[in-house]
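Residues per chain are reported as follows:
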Amino acid sequence: MSTIDDGIQEHAHSYHHGGPSAGKEDHGPWKHIIGFVISLLFTALALWMVVAHIAHASMLFAVILALAIAQAFVQLFFFMHISESHAPQWPFHVWMLTLGLLFTITVIVGSIWIMSFGTESY
Amino acid sequence: MLYNVENFASHFFVLGDPLIYGADVSIVLVSLAIVFVLTYYKKWGWLWREWLTTVDHKKIGIMYMIAALLMLFRGGVDAILMRTQLIMPNMPFLKAQHYNEIFTTHGTIMILFMAMPFIFAMMNIAVPLQIGARDVAFPYLNAISFWLFFFAAMLLNLSFVIGGSPDAGWTSYAPLAGLTFDKGPGENYYLLALQITGIGSMATGINFFVTIMKMRAPGMTLMRMPLFTWSILAACIIIIFAFPPLTAALTLLLMDRLAGAHFFTIFDGGNPMMYVNMFWMWGHPEVYIVVLPAFGVFSEVVATFSKKRTFGYASMVASLIAIAVISFFTWVHHFFTMGAGPGVNSFFAVATMIIAIPTGVKVFNWLFTMYQGRIRTKLPMLWAIAFIPNFAIGGASGVMLAVAPADYQFHNSYFLVAHFHQVLIGGVVFGMLAGMYYWWPKMFGFMLNERLGRIAFWFFNIGFYVCFLPQYWLGWMGMTRRIYTYLPGMGWTFWNIISTFGAYLMGVGFVFIVLQILYSIRYGERDLTGDPWDGRTLEWSLPSPVPHYNFARIPEVTGRDAWWTMKEAKQKGEMQPELEPLKPIHMPNDSGRPFILSVLFFIFGFGMVFTWYPMAAVAFIGILLSLILRSFEYDTDHTLSVDEIRRTEAAYGRV
Amino acid sequence: MMQKRTGTYTLIAALCATLFLLPGCGEQVLVFHPVGPVGQVEKQMIILSIVMVSIVVIPVIALLWVIVVRYRDTPDNPTPYRPEWSESRTLEFLWWAVPIVIIGVLGFVTVQKTFALVRPPGKVINPLTIQVTSLDWKWLFQYPGQKIATVNYCEIPANRPIEFVLTSNAPMNSFWVPQLGGQEYTMPGMAMKLWLEADQPGVYFGSGANFSGEGFSHMHFHVIARPQSDFDHWVQRIKSTAPPLTTQQYAVLAQRTIVQPMSFSTNQPGLFEKIVSQDGGMYMRRDLMKGKVNTHVGTD
Amino acid sequence: MAMADSFVKSQGSQSVPLEYTHEEDALRIFGFWIFLATDLLLFASLFATYSVLYRHVGHGPGPLQIFDITGFSAETFILLTSSFTCGLATYSMHRGQKAAMMAWMIVTILLGVSFISLELSEFASDIARGATLQTSAFLSAFFTLVGTHGAHVSFGIVWMTLILIQLAIHGLTPTTARKAFIVSLYWHFLDVVWIFIFTIVYLLGVMS
Ligand code: HEA
Ligand code: HEA
Ligand code: CUA
Ligand SMILES: [Cu+2]
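Residues numbered from 1 in each chain as written. Chains lettered and ligands numbered in written order. Predicted model: local features only at pLDDT ≥ 70, side-chain atom pairs only at ≥ 80, totals over all residues. Heavy atoms only, no water.

A.B. asks: How would you summarise the overall build of chain A if you had to cite specific residues and measurements?
C.D. replies: Scanning chain A from terminus to terminus reveals 3 helices and 0 strands. A fraction of 51% describes how many contacts in chain A between residues 6 or more apart in sequence connect residues 24 or more apart. Carbon and sulfur atoms make up 76% of the accessible area of chain A, which totals about 5600 Å². (Helix = DSSP H or I, 4+ residues; strand = E, 2+ residues; numbered from the N terminus. Contact = heavy atoms within 4.5 Å. Areas by Shrake-Rupley, 256 points an atom, 1.4 Å probe, with all protein chains shown as cover.)

A.B. asks: Which residues make up the overall build of chain B, and what values go with them?
C.D. replies: Counting its regular elements, chain B contains 21 helices and 2 strands. Taken over the C-alpha trace, chain B has a radius of gyration of 25 Å; the compact-globule value for 655 residues is 26 Å, and the two agree within 12%. The C-alpha extent of chain B, read off along each of the three principal axes, is 75 × 60 × 50 Å. Relative to its full complement of 655 residues, chain B shows a buried share of 71%. For chain B, the proportion of contacts with a sequence separation of at least 24, taken over those separated by at least 6, is 82%. As presented, chain B carries roughly 20600 Å² of accessible surface, and 71% of it is formed by carbon and sulfur atoms. Between the mean site of the 40 positive side-chain charges and the mean site of the 35 negative ones, chain B shows a separation of 8 Å. (Rg over C-alpha atoms; globule rule 2.2 N^0.38 Å. Buried < 20%, exposed > 50% of the residue type's maximum accessible area, 1.4 Å probe, protein only. Lys, Arg positive; Asp, Glu negative; His and termini not counted. Charge placed at Lys NZ, Arg CZ, Asp CG, Glu CD.)

A.B. asks: Describe the sheet that holds strand E7 (residues 181-186) of chain C, with residues and values.
C.D. replies: Residue and element names in this part refer to chain C. Strand order across the open sheet formed by 5 strands is E4-E10-E9-E6-E7, with mixed pairing between neighbours. At either end of the open sheet lies a strand with only one pairing partner, and these are strand E4 (153-157) and E7. Averaged over all pairs of adjacent strands, the angle between their axes in this sheet comes to 20°, without regard to strand direction. The pairing of strand E6 (residues 173-177) with E7 spans 4 bridges and is antiparallel. Its bridge partner being in E7, Asn-173 is matched across the sheet by Thr-186. Running over the sheet, helix H4 (residues 228-241) touches E4 and strand E10 (220-226) and is turned about 135° from E4. (Pairing = 2+ DSSP bridges. Axes fitted to C-alpha atoms, helices over the stretch in contact; angles between N-to-C directions.)

A.B. asks: Run through the pairing of E4(C), naming residues and quoting values.
C.D. replies: Residue and element names in this part refer to chain C. Most of E4 is tucked away, with 5 of its 5 residues classed as buried. The alternating pattern of E4 places Tyr-153, Glu-155 and Pro-157 on one face and Cys-154 and Ile-156 on the opposite face, and all of these are buried. Pairing of E4 with E10, which is carried by 5 bridges, proceeds in the parallel orientation. Bridging across to E10, Glu-155 finds its partner in Ile-224.

A.B. asks: Lay out the UniProt feature "domain: Cytochrome oxidase subunit I profile" (unreviewed entry) in chain B with the relevant residues and their values.
C.D. replies: Using the residue numbers shown here, the UniProt feature "domain: Cytochrome oxidase subunit I profile" (unreviewed entry) corresponds to residues 40-558 of chain B. As annotated, residues 40-558 of chain B has a helix share of 68% and a strand share of 0%, and its two end C-alpha atoms lie 52 Å apart. (UniProt positions renumbered as here; feature names shortened; annotations may be inferred.)

A.B. asks: So what's going on with the environment of C:Phe115? Which residues, and what values?
C.D. replies: Within the fold, C:Phe115 resides in helix H3 (residues 89-116). Residues C:Phe115 and C:Thr247, spaced 132 residues apart in sequence, show a C-alpha to C-alpha distance of 39 Å. Setting aside residues no more than four positions away along its own chain, C:Phe115 makes contact with B:Pro342, B:Gly343 and B:Ser346.

A.B. asks: Pulling in residues and values, what's your account of the interface of chain C and chain B?
C.D. replies: Opposite the 89 residues of chain C that make contact, chain B presents 102 residues. Counting each side, the surface lost to burial between chain C and chain B is near 8500 Å², with a carbon and sulfur contribution of 71%. At the surface where chain C touches chain B, the tally comes to 2 salt bridges. Within the residue set of the side of chain C that touches chain B, elements represented by two or more residues are helix H1 (2-21), helix H2 (37-70), H3, E7 and strand E9 (202-208) of chain C. When the residues that make up the side of chain C that touches chain B are grouped by side-chain class, the tally is 54 nonpolar, 22 polar and 13 charged. (Buried area = accessible area lost by both parts, 1.4 Å probe. Salt bridge = Lys/Arg side-chain N within 4 Å of Asp/Glu carboxyl O. Nonpolar A, V, L, I, M, F, W, Y, C, P; charged D, E, K, R; others polar.)

A.B. asks: Outline the coordination of the iron atom of ligand 1, supporting the account with residue identities and numerical values.
C.D. replies: Residues and elements named next belong to chain B. Exactly one donor from the protein chain reaches the iron atom of ligand 1: His-419 (NE2), at 2.2 Å. Between the iron atom of ligand 1 and the copper ion (ligand 4), the interatomic distance is 4.4 Å. Positionally, His-419 belongs in helix H15 (residues 414-444). (Donors = N, O, S within 2.8 Å, 3.2 Å for Na, K, Ca; no water.)

A.B. asks: Go over the site of ligand 1, please, and point to the residues and values.
C.D. replies: In the vicinity of ligand 1 lie 33 residues, with B:Trp170, B:Tyr288, B:Asp407, B:His411 and B:His419 positioned nearest. The local environment of ligand 1 is shared, drawing residues from chains B and C. At 2.6 Å from an oxygen atom of ligand 1 is found a side-chain nitrogen or oxygen belonging to B:Tyr288. A distance of 2.4 Å is found between an oxygen atom of ligand 1 and a side-chain nitrogen or oxygen belonging to B:Asp407. Contributing elements (two or more residues each) for the shell around ligand 1: helix H9 (272-306), helix H12 (356-370), helix H13 (379-402) and H15 of chain B together with H2 of chain C. For the shell around ligand 1, the leading source of residues is H13(B), giving 7 residues. Residue composition of the shell around ligand 1, by class: 22 nonpolar, 9 polar and 2 charged. (Near = heavy atom within 4 Å. Polar contact = N/O pair within 3.5 Å; in protein donor to acceptor, adjacent residues only side chain to side chain.)

A.B. asks: Tell me what's going on with the interface of chain B and chain A, and back it up with residues and numbers.
C.D. replies: Each side of the interface is counted separately: chain B has 34 residues, and chain A has 26 residues. Summing both sides of the interface, chain B and chain A together bury roughly 2600 Å²; the carbon and sulfur share of this comes to 72%. Inspection of the region where chain B meets chain A yields 0 salt bridges. Between chain B and chain A we count 1 residue pair in polar contact (both at pLDDT 80 or more) in total. Counting residues per element, the side of chain B that touches chain A draws most heavily on helix H11 (residues 342-354) of chain B, which supplies 5 residues. Its residues assigned to classes, the side of chain B that touches chain A comprises 25 nonpolar, 7 polar and 2 charged.

A.B. asks: Got a sec to walk through helix H19 (residues 593-609) of chain B? Specific residues and values, please.
C.D. replies: With 17 residues, H19(B) should reach 24 Å at 1.5 Å per residue; the first-to-last C-alpha distance of 24 Å fits that figure. Along H19(B), 14 of the 17 residues are buried, which leaves the element largely enclosed by surrounding structure. (Expected span 1.5 Å × (residues − 1).)

A.B. asks: Would you mind going over the pattern of salt bridges in detail, with residue names and values included?
C.D. replies: Within the structure shown, the criterion is met by 15 salt bridges over all chains. As a salt-bridge pair, B:Lys567 and B:Asp531 come within 2.7 Å of each other at their nearest N and O atoms. Here B:Lys567, found in helix H18 (residues 562-571), pairs with B:Asp531, found in the loop between helix H17 (492-523) and H18; they are 36 residues apart in sequence, far enough to count as distant. In terms of burial, B:Lys567 and B:Asp531 fall into one category: buried. Its salt-bridge partner being D:Asp126, residue D:Arg129 comes within 3.8 Å of it at the nearest N-O pair.

A.B. asks: Can you tell me about the side chain of C:Ser49, naming the residues and giving the values?
C.D. replies: Tracing the backbone shows C:Ser49 in helix H2. Polar side-chain contacts of C:Ser49 include one of 2.8 Å to the backbone oxygen of C:Ile46. Residues contacting C:Ser49, with those up to four places away along its chain left out, are B:Met400, B:Val403 and C:Leu106.

A.B. asks: Outline the coordination of the copper ion (ligand 4), supporting the account with residue identities and numerical values.
C.D. replies: All names here are of chain B. For the copper ion (ligand 4), the full set of protein donor atoms is His-284 (ND1), His-333 (NE2) and His-334 (NE2), at a range of 1.8 to 2.1 Å. When the donors of the copper ion (ligand 4) are listed by position in the chain, the intervening gaps give H-x48-H-H. Given a relative accessible area of 13%, His-333 falls into the buried group.

A.B. asks: Can you break down the environment of B:Ile144 residue by residue, with the values?
C.D. replies: Residue and element names in this part refer to chain B. Here Ile-144 is to be found in helix H6 (residues 139-158). Classification of Ile-144 by relative accessible area gives buried; the value is 12%. In sequence terms Ile-144 and Ala-456 are 312 residues apart; their C-alpha atoms lie 34 Å from each other. Dropping the residues within four chain positions of it, Ile-144 is found in contact with Pro-594, Leu-597 and Ser-598.

A.B. asks: I'd like a description of the site of ligand 2, backed by residues and values.
C.D. replies: All names here are of chain B. Tyr-99, His-106, Trp-170, His-421 and Arg-482 are the nearest of the 33 residues found near ligand 2. Between ligand 2 and the protein, one listed contact pairs an oxygen atom with a side-chain N or O atom of Tyr-414 at 3.4 Å. The side chain of Arg-481 places a nitrogen or oxygen atom 3.1 Å from an oxygen atom of ligand 2. Only helix H4 (57-85), helix H5 (96-130), H15, helix H16 (450-476) and H17 provide two or more residues apiece to the shell around ligand 2.

A.B. asks: Mind laying out the packing of H4(B) against H17(B), listing which residues take part and the relevant values?
C.D. replies: Residue and element names in this part refer to chain B. As a packed pair, H4 and H17 sit with axes 10 Å apart at the nearest point and diverge in direction by 155°. The orientation of H4 relative to H17 falls into the category roughly antiparallel. The chirality of how H4 crosses H17 is left-handed. The segment H4 lies against H17, with Leu-69, Leu-72, Phe-73, Ile-80, Arg-83 and Thr-84 engaging Asn-496, Ser-499, Thr-500, Ala-503, Tyr-504, Gly-507, Phe-510 and Ile-517. (Parallel < 35°, antiparallel > 145°, perpendicular 65-115°, else oblique. Left-handed = near helix turned anticlockwise from the far one by under 90°.)

Written out as structure tokens, the structure reads:
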């Protein structure tokens, strides 16, 4: 039988999130409700800011982008139980998603930077 | 009516070229011969049961390897044809169009259908055994990956006789590869074949990542993992993140061609440079996907054949991971000359050079693994030793290319061609051949003939330098790549003659490899020990060839070089732990569905190539159906009884 | 045994060396015989990089040789054998540090020169603008100041900075005249500039360096550098003798053909801009609207 | 899988959620997370393309002309809600309430279907106005990015339906629990992607 984590045989399963235990630790769906409310609020806020044009375009864009990122984390932690797995602490899928995020940013920002053509173009 | 048929046929089949007729005839003959042999020896059932439906990682690995060797031959013939055309100025051997198709298929096949399956072969064969696992994490998915690759390769090779081959280079830059400049179906073949094999590769990346992360034997911590397994882990990380941009780039170009979209056209706002950009976001990491496993093989081989622990294990691991991550920050070095600005070029130039540092660390660690060791120059080691100077020079020319202002003079010249063959052949091909020789007894249970192997080695190795060193020079003389002919008076002729001569030597080398394999199948010495090289890692603790369940008992790992440690303990007469009683083993069921699914993908691809949408649609529905069927399948594995295991083990003389 | 082997190696090495030196390190090794400041800078960078990589690569190969010869697994090999020795802080520090230093130096100079090469070489006195368009499968050179155009060859005054403005009305290509300096892509819908200069009169080989289809192999041309007065003469001659480059004529040129060198008088004003900003030039529109291209038209 | 001795963790199913009880299922969940990482990069590439091309409107309309604020806002709120109901399905699953779980899944599917219909009607009206995939680079990039997300959602709807059927047949077992858990990960992930489409495509589009 293979080991799950890095060589530690006796691994206590630690779930940050107390919920998903069959029967035990009944916390009610509060976490989900809070997550949902936050995402509704952030979305509405972003929408309102854009419609009301509360700031300069670039400033505005930065703010709504920040809201989007915050929402992504809400999804990850409140709905997707990202912190939950077989490995203790910082499990490998979190490492991989973090790396994925880094490369995502590289791909997008890099493309924009490269495709805007610097001083050599007319 | 008759005219219509004729007209259709003349566009559908590639006609009018004696070389192509030759290819047509030989393909038909070979197919007939295969059918005949299988029927005559009543082997159809065997083929289906033992190979086409297998989910055993070892058999899948063997199939990958055979396919890779065939593709090496196929791409190698392309290379020989190209070199023959280039031997003299104004050589009347190949026409421009034909030459263009040949270098395109040469590059595409060598990278995607030779190098990739070869590394998949090695990882399938060795990784589960090295980590003490009974299988990969998802055996069924593993079979799908293989068959997708296989049928994608078939699809691309079909272009040779039906419809015409792609001709825009293995990079297939838009707008040249777009509909405006390239109407034929060849480009569609390229796009669909790569897409299909790409799906398989991504699945393999995920599969082996999970396998390595989660299925190691007890006691095998990450820092006790063999370096080959580490290198596969790093390669998988790159696959996981680098293939999606290729998928996207291919899809978008296909949409341009088939659906009239405007991503990379030169009209209606399309931006062809974006294709170049996306291609290399995959393309650069790709070269490290293929070279890191080769590094892994060398780490195993060098330690084994120097009878010494790997030097600087921690640095070896760190440098693998560093290379994997940094490889995502260098892609622009393939188009410094696009003029994205000095800021962009500087950033990517420096990032590229930085990769030389961890790579250099690996080179020195290999050297010092040999230092004060006891070097046995068996075939795998021979290739490993030959790799070092080769790759050092090839890597150094890479660093020279990374110097952006110098690259303005090197770009797309034969200097570049020499660089990448030196790292691809000297790194990847040498590495995979070393791996093949190393694990051959483990795969098949017999040894390969040394003498023929040495002849092959010398021909290939010397031929290599004779072929590619002159190309650096040609680059400096201003010879650009992808030209099918050149004028006399440039001083290029002399060097081209030498280079072509070198290519022929390599061809002879390859012939000897084939001879060696054929000879050894008949006369090869059997490997009865399971450990012919005095190995260090767990695969050598098993009998050769390995029983389908791999380990009768999952080993307990107590240190790095797990098998070596066990052997030493035994030698010192330390107390052997009491053998646990055998337990029943769960095994995945064989399944014909991966094969059928991939046939459907093939039909889908073929339909798309010729825009026969009904055909594509039917195949697509078939694909969905087989996925749904799988989802409803709950009975996917079976149990091997203790009796059965005991019987198998006894047959190997191990009880 | 060992003796014989070493002998063979030496022989091979000597053979290789002579082969490389034989047909001369002559003029034909274009990259090493630059005739302008850009090519010179690039040559320096090439030499620098060769030296820098040699610092490690040569020792690596030498070390490999020594190790493989010394530590063979022969029964009576007297050299030490330490199967468990696998760690050395000092050594590992050494081979992390030395490459870091080398790459540091090389990287630094690279950045410096990358920025330097964007600017015109030396002093920009009286530059000449030549608009280059890669077509299937030929090169069109337009001289907006002189109102002439040529195909598949191009004349320039020596000792004067030339501003090549590059575009394509076909698949992308790359404009490369090795002895003047490195290449730059010609891309449809974009105009890039490349500063080059020839220090001495002469005929220089140039070619398309980025694959563009069937006729690509024939896309080479000559750049002929002459003293300024000869150049002026040449311009006058073309102006008075060559046929005009009309719209129809351009349409003929744009077809997928391979042609001999040609010359034209009165180049169409605005033709180049039209090529760049035709339907496809969307992604350059922002810059074109700033009128950058226009300010350069006819500045000579 | 091979080590698929259907072996239940020694700690017992008490502290381990149902979908993790079998080694084999835990592997699949882990593998699916890694798959999501690849899908993330796929969308990253499409976002990169869109970011580079969104000003390249050619002769066609720009974002302002075709984006309809009420339309895309409705889509957004529907998808957010579906993500929530999907979370409630998982919650019910963890409490062993199969009926509630299936009910929430059905609600999720219905919300998904309405999201897709809204999106399709949006596309239809764009096309009716002559804004098609073939019009300009901007529109090619727009339809491809948003369409790829839509295709993912459609696939998710079919998938969830299949799992619903399997739940009905086999009940709540470790296998069905694992399947349901994975599809919920997929669904939440698509919600995350949509948030960025909402922000980078739609809001940015109507901003300028
Ligand atoms: C296995 C494949 C492989 C590998 C490993 C590499 C490795 C490297 N490559 Fe190569 N490359 C290709 C395959 C590969 N490449 C291909 C296929 C192309 C062309 C594609 C096409 O256009 O068709 C290409 C093209 C290419 C270019 C583009 C040139 C152009 O188009 O103009 C560049 C530019 O920077 C480059 C650089 C490098 C560098 C810096 C490395 C480094 O990783 C090398 C590092 C290794 C060493 C340096 C040697 C060992 C180190 C030491 C002994 C000690 C330390 C050394 C120093 C400090 C110098 N490569
Ligand atoms: C792993 C990858 C790989 C490998 C192994 C090779 C192997 C070889 N390559 Fe290839 N090559 C590429 C990857 C690779 N190449 C790529 C990516 C390109 C760029 C393509 C592009 O521009 O798009 C390229 C391009 C390329 C060119 C440049 C073409 C051009 O730009 O115009 C040349 C020219 O010399 C060349 C030569 C060779 C040779 C001689 C071999 C030799 O090693 C081959 C050795 C031969 C064999 C192993 C088979 C032996 C065959 C026989 C014994 C049969 C003999 C039978 C008959 C003659 C009928 N290759
Ligand atoms: Cu339970 Cu969230
Ligand atoms: Cu690269």
